[in-house]
Amino acid sequence: GEAPVAAAPVQAATPAAAPAPAAAPAVTGGTANKIQALYGDEIVLTATPEAGTEFDKWEVTPDTVVITDNRFTMPAEDVAVNAVFKEKHVITVNVEPLEAGTATSDPTTAIEGTVVQLLEEHKEGYRFVEWTSKDSPSDLTSKIKWLEKT
């Protein structure tokens, strides 16, 4: 007959090497919660705006990384993140004539694209006429005009 075929010995599985730390997530304009990160780690970002600016959004390379609520999962490659800021403008509301009432904005500072609510309260004997605005990025001044009742 035929000689029995010997079964190959079963070898113990070699444990997989632990993934090497990726380079630190490089963050410009902010910080990350980890100096070095492994594949799959959650990275939490914090933007650091300079005076007169407000955080707008994150830009990330590679673009396959998705940042949601200032967090992303570390891929198996280096990641570069850039915080983008917009200039914050102070909103000034003037009243004409001054004794006619008061006017305010909510909020009192804003970045481009922010919806601002203008509020007015006029005194008895005056009626609201119009809002006017200087529409330049460097001067967000609104003026409210009232006319005296006749």
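The structure this text deals with has already been given above.
Asker: Which residues make up the sheet that holds strand S3 (residues 42–47), and what are the values?
Answerer: Pairing is antiparallel across the open sheet formed by three strands, whose spatial order is S2-S3-S5. The open sheet terminates on both sides in strands that have one partner only, identified here as strand S2 (30–32) and strand S5 (71–73). When strand polarity is set aside, the average angle formed by the axes of neighbouring strands in this sheet is 25°. Direction of pairing for S2 relative to S3: antiparallel, over a ladder of three bridges. By the bridge assignment for S3, Thr-31 is matched with Thr-46.

Asker: Can you explain the packing of aromatic side chains? Please cite residues and give values.
Answerer: If you walk through the whole model with that rule in mind, you get two aromatic pairs. Between the aromatic rings of Phe-55 and Trp-58, the centroid separation amounts to 4.9 Å while the plane-to-plane angle is 50°, which identifies the pairing as tilted. You can call Phe-55 partly exposed: its relative accessible area is 26%. On the accessibility criterion, Trp-58 (15% relative accessible area) is buried. Taking 6.1 Å as the distance between ring centres and 75° as the angle between the ring planes, the aromatic pair formed by Phe-55 and Phe-85 counts as edge-to-face. Residue Phe-55 is located in strand S4 (residues 53–61), and its partner Phe-85 is located in strand S6 (residues 80–87); the two are separated by 30 residues in the primary sequence. Through a chain of ring-to-ring contacts, three or more aromatic side chains come together here, namely Phe-55, Trp-58 and Phe-85.

Asker: How would you explain the sheet that holds strand S1 (residues 26–28) if you had to name every residue and give the values?
Answerer: Read across the sheet, three strands follow the order S1-S6-S4 without closing on themselves; strand pairing throughout is mixed. Looking at which strands have only one partner, the edges of the open sheet turn out to be S1 and S4. Each strand axis lies, on average, 20° off the axis of its neighbour in the sheet, ignoring direction. Inspection of the sheet shows S1 paired to S6 by three bridges, in the parallel sense.

What counts, and at which threshold
- Residues numbered from 1 in each chain as written.
- Predicted model: local features only at pLDDT ≥ 70, side-chain atom pairs only at ≥ 80, totals over all residues.
- Heavy atoms only, no water.
- Pairing = 2+ DSSP bridges.
- Helix = DSSP H or I, 4+ residues; strand = E, 2+ residues; numbered from the N terminus.
- Axes fitted to C-alpha atoms, helices over the stretch in contact; angles between N-to-C directions.
- Phe/Tyr/Trp six-rings, centres within 6.5 Å; stacked < 30°, edge-to-face > 60°.
- Buried < 20%, exposed > 50% of the residue type's maximum accessible area, 1.4 Å probe, protein only.

Read these as spatial facts, not as claims about activity.
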